[in-house]
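What the coordinates show
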Amino acid sequence: MVENDSNKRRRLVEFKDGCRYGKFGKTKAYELIAHGRIKAYKMGGKTMIDLDSVDEYHTSLPRLETAASQGAASGSVATHGPQGR
């Protein structure tokens, strides 16, 4: 852990551990870093990922709306299978 200006502990982990924590691969991690979606720092020769920024990224993702939840919200019921047999 690394101290920052506001005395809050920053949760920094090595790159591969940050990818594992975030459940994404290294290519996606580099993309997220390049677009400023997650934060990364260099410590010596190692790239460290800020886990708080990974949590913020996950929180910012849109919620998946399923057909069942949309149907329940509108009161309609979807039917499947043979019709009129």
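Here goes a summary of the coordinates provided. Computed from a predicted model, the values in this text were never measured in an experiment.

With that settled, consider the nonpolar core. Residues Phe15, Cys19, Phe24, Ala29, Leu32, Ile38, Ile49, Val54 and Tyr57 constitute the largest nonpolar core, which totals 9 residues. Residue assignment for this core shows that the elements contributing at least two residues are helix H1 (15-22), helix H2 (26-34) and helix H3 (51-60). Setting aside its immediate chain neighbours within four residues, Phe15 contacts Lys26, Ala29, Tyr30, Ile33, Thr47 and Ile49.

The subject of this paragraph is H1. Within the sequence span of H1, burial applies to Phe15, Gly18, Cys19 and Gly22. The arc that holds the buried residues of H1, viewed along the axis, is 100°, so those residues lie on one side. Facing away from the buried surface of H1 by more than 90 degrees, the exposed residues are Lys16 and Arg20. Buried-residue contacts for H1 involve strand E3 (12-14), H2, strand E5 (46-50) and H3. Remark: Lys23 follows H1 within two positions and exhibits a positive phi of approximately 60°.

This part takes up unusual backbone geometry. Notably, Lys23 is not glycine yet its phi reads approximately 60°, a positive angle. Here Lys23 lies in the loop between H1 and H2.

Now for the pattern of salt bridges. By the definition in use, this model includes 5 salt bridges. A salt bridge links Arg20 to Asp17, with the shortest nitrogen-to-oxygen separation between them at 2.9 Å. A residue pair is termed a helical-turn pair when its members lie 3 or 4 positions apart in one helix, as Arg20 and Asp17 do in helix H1 at 3 residues. Arg20 gets classed as exposed once you look at its relative accessible area, which sits at 58%. When salt bridges with common partners are traced through the structure, they connect Arg11, Asp52 and Asp55 into a single cluster.

Quick notes on the rules
Residues numbered from 1 in each chain as written. Predicted model: local features only at pLDDT ≥ 70, side-chain atom pairs only at ≥ 80, totals over all residues. Heavy atoms only, no water. Core = buried A, V, L, I, M, F, W, Y, C linked by side-chain atoms within 4.5 Å. Buried < 20%, exposed > 50% of the residue type's maximum accessible area, 1.4 Å probe, protein only. Helix = DSSP H or I, 4+ residues; strand = E, 2+ residues; numbered from the N terminus. Contact = heavy atoms within 4.5 Å. Arc of directions from axis to C-beta. Salt bridge = Lys/Arg side-chain N within 4 Å of Asp/Glu carboxyl O.

Geometric values such as these leave the question of function open.
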